[in-house]
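Analysis of the macromolecular model
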Amino acid sequence: MSSASWDALSVILAKRDGRELPPEAMRWFVEAYTNGQVADEQAAAMCMAVFFNGMSAAELSAWTEAMIDSGTRTDLSAVNRPLVDKHSTGGVGDKISLILCPLVAACGAAMPQVAGRALGHTGGTIDKMEAIPGWDPHLGPEALLAALNEVGAVITAASADLAPADAKLYALRDVTGTVASIPLIASSIMSKKIASGTASLVLDVKVGRGAFMTDLDQARRLAETMVDIGTRAGVKTTALLTRMDQPLGRAVGNSLEVDESIDVLHGGGPTDVVAVTVALATEMLELAGIDADPGAVLASGVVHEVFAAMVARQGGDVTAPRARAPYRHAVAAPSSGFVTAVNALTVGQASGRLGAGRARKEDDVDLGAGIEVLAPVGTEVEAGQPLFLLHSANEQRMAEVNDVLTAAVEIGPEPPDVPDVVIERIA
């Protein structure tokens with residue numbers, strides 16, 4: 001059947017009834033919805049049918065390719081280094097991109113990181129970078145290529161013509177209860193990443209209480225689905241499943257996370273942040289065909305120079321004073337013992353309440369607000385010892401989240417086993 005023979009109702013009915021559609025039907029539907037031939041209510045019905053019946057690998061590949069082709073693919077053929085990118089499904093305290101971009105650049109690759117802003121309980125890389133005075137997330141094509149060739153690393157906001165079908169579909173999914181569909185999540189992520197022009201991609205799929213995917217099997221399915229989409233599109237793709245039960249690192253909030261990232265860039269910082277960063281960098285450099293030891297490079301402290309150069313290319317100054325909240329408040333341990341759990345979701349929500357995040361896209365973010373996690377899992381504490389240090393411009397909000405954060409921590413009589421933050425590799 002030719003594309004001219006397709007209509008929205010026949011595609012919806014086929015998917016509703018669990019039938020596999022030919023790739024050209026999936027492509028037609030995405031194109032028709034993007035250009036206004038298919039109405040919102042019809043696209044909503046299609047998303048709900050996919051939610052319940054899924055897509056085959058061939059259907060999903062065609063759907064994703066159509067989303068990519070709805071906009072402009074970034075041409076990075078003039079970059080003189082191997083191209084490799086990373087995507088995280090989001091978590092609390094996830095500042096890995098700030099460290100990973102200059103690290104892989106220091107090892108000889110080029111990393112064109114297209115990033116987003118915070119929404120809900122998870123942080124946004126663009127917000128974190130904007131805590132650095134003067135930094136601009138917008139780069140034109142020529143400036144992007146120059147930065148990748150000369151520095152090797154860029155963090156930039158997505159342009160409006162990067163997979164515009166995804167923006168339209170996501171807005172619809174958000175109000176129709178169809179966000180939590182593995183095929184639709186995978187196509188949303190992969191359409192933007194493939195359109196960004198990278199040759200290789202490593203996915204950091206978070207799993208746990210503070211992640212979008214709380215179930216390990218579901219996270220594994222999502223990772224496998226995205227790896228398959230990337231491979232079919234000719235992008236070398238692998239994934240790591242990483243834990244997100246407690247916040248990653250000790251800092252949650254934009255300026256605070258920049259501070260912690262700079263500690264890591266100088267060769268220090270929390271061990272879990274270093275472990276995830278090095279694991280992702282190792283995977284990325286292997287895909288890029290570069291023989292390097294990212295752990296040793298990061299420990300040397302030289303990566304900070306690359307970070308400073310990356311920031312300077314976009315108008316920022318890492319030495320300039322960053323936003324700081326005027327008020328601080330310590331949350332005390334209610335009892336003595338060992339910290340056995342710190343609920344990442346609760347910490348992320350509390351950080352947002354203090355001003356570090358946004359509930360709606362149009363909300364402002366207080367770059368100085370956030371939470372320092374002073375007693376991660378495994379820490380022995382005494383009653384009254386600080387568990388968290390809150391930073392906010394609103395004293396009332398600090399009082400409101402005090403009890404919530406106290407309840408977010410579990411304290412027991414015995415030291416807990418602390419599992420590795422990297423769970424497994426998917427290829």
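The following refers to the structure shown. (Residues numbered from 1 in each chain as written. Predicted model: local features only at pLDDT ≥ 70, side-chain atom pairs only at ≥ 80, totals over all residues. Heavy atoms only, no water.)

Topic: the overall build of the protein chain
Rule in force here: Strands are runs of DSSP state E lasting at least 2 residues, helices are runs of H or I lasting at least 4, and numbering of each runs from the N terminus. Based on C-alpha atoms, the radius of gyration is set beside the globule rule, defined as 2.2 Å times the residue count to the power 0.38. Only protein chains enter the accessibility calculation, which uses a 1.4 Å probe. A residue is then buried if its area is under 20% of the maximum for its type, exposed if over 50%, and partly exposed in between. Note on definitions: a residue-residue contact is assigned when non-hydrogen atoms from the two residues lie within 4.5 Å. Note on charges: Lys and Arg go in the positive column, Asp and Glu in the negative column, and His and the chain ends are not counted at all. All charge positions are set by atom: Lys at NZ, Arg at CZ, Asp at CG, Glu at CD.
The helix and strand tally for the protein chain stands at 16 helices and 13 strands. For 427 residues, the compact-globule estimate of 2.2 N^0.38 gives 22 Å, and the protein chain sits close to it at 22 Å. Seen through its C-alpha atoms, the protein chain measures out along the principal axes to roughly 70 × 45 × 35 Å. For the protein chain, the residues scored as buried account for 54% of the 427 residues in total. Sequence separation of at least 24 residues holds for 79% of the intrachain contacts in the protein chain that already meet a minimum separation of 6. Distance between charge centres in the protein chain, computed from 32 positive and 53 negative side chains, equals 3 Å.

Considering the packing of helix α2 (residues 23-34) against helix α4 (residues 57-69)
Quick reminder of the rule: Each axis is a line fitted through C-alpha atoms, taken for helices only over the stretch in contact, and angles between the N-to-C directions span 0 to 180 degrees. Definitions for this section: a left-handed crossing has its near helix turned counterclockwise from the far helix by less than a right angle. A right-handed crossing has that turn clockwise. Any residue outside Ala, Val, Leu, Ile, Met, Phe, Trp, Tyr, Cys, Pro, Asp, Glu, Lys and Arg is labelled polar, Gly included; the first ten of those are nonpolar and the last four are charged.
Here α2 crosses α4 at 35°, and the two axes come no closer than 8 Å. The two elements α2 and α4 cross, and the hand of that crossing is right-handed. Contacts between α2 and α4 involve Pro 23, Met 26, Arg 27, Phe 29 and Val 30 on the former and, on the latter, Ala 58, Glu 59, Ala 62, Trp 63, Glu 65, Ala 66, Met 67 and Asp 69. For the contact of α2 with α4, the class distribution of residues is 9 nonpolar, no polar and 4 charged.

Focus: the packing of aromatic side chains
Here is the rule: Under the pairing criterion, centres of Phe, Tyr and Trp rings, with the six-membered ring standing for Trp, must be within 6.5 Å; the plane angle then separates stacked pairs below 30 degrees from edge-to-face pairs above 60, leaving the rest tilted. Here, over-ring charges are defined by two tests on the NZ atom of lysine or the CZ atom of arginine: distance to the ring centre within 6 Å, and angle to the ring normal within 35 degrees.
Enumeration according to the criterion identifies 3 aromatic pairs in this entry. Here the aromatic rings of Trp 28 and Phe 29 are separated by 6.3 Å at their centres, their planes lie at 70°, and the arrangement is edge-to-face. The buried category is assigned to Trp 28, whose relative accessible area is 13%. Members of the aromatic cluster, each reached through a chain of ring pairs, are Trp 28, Phe 29 and Trp 63. Cation over ring: Lys 168 sits above Tyr 33, and NZ or CZ is 4.4 Å from the ring centre.

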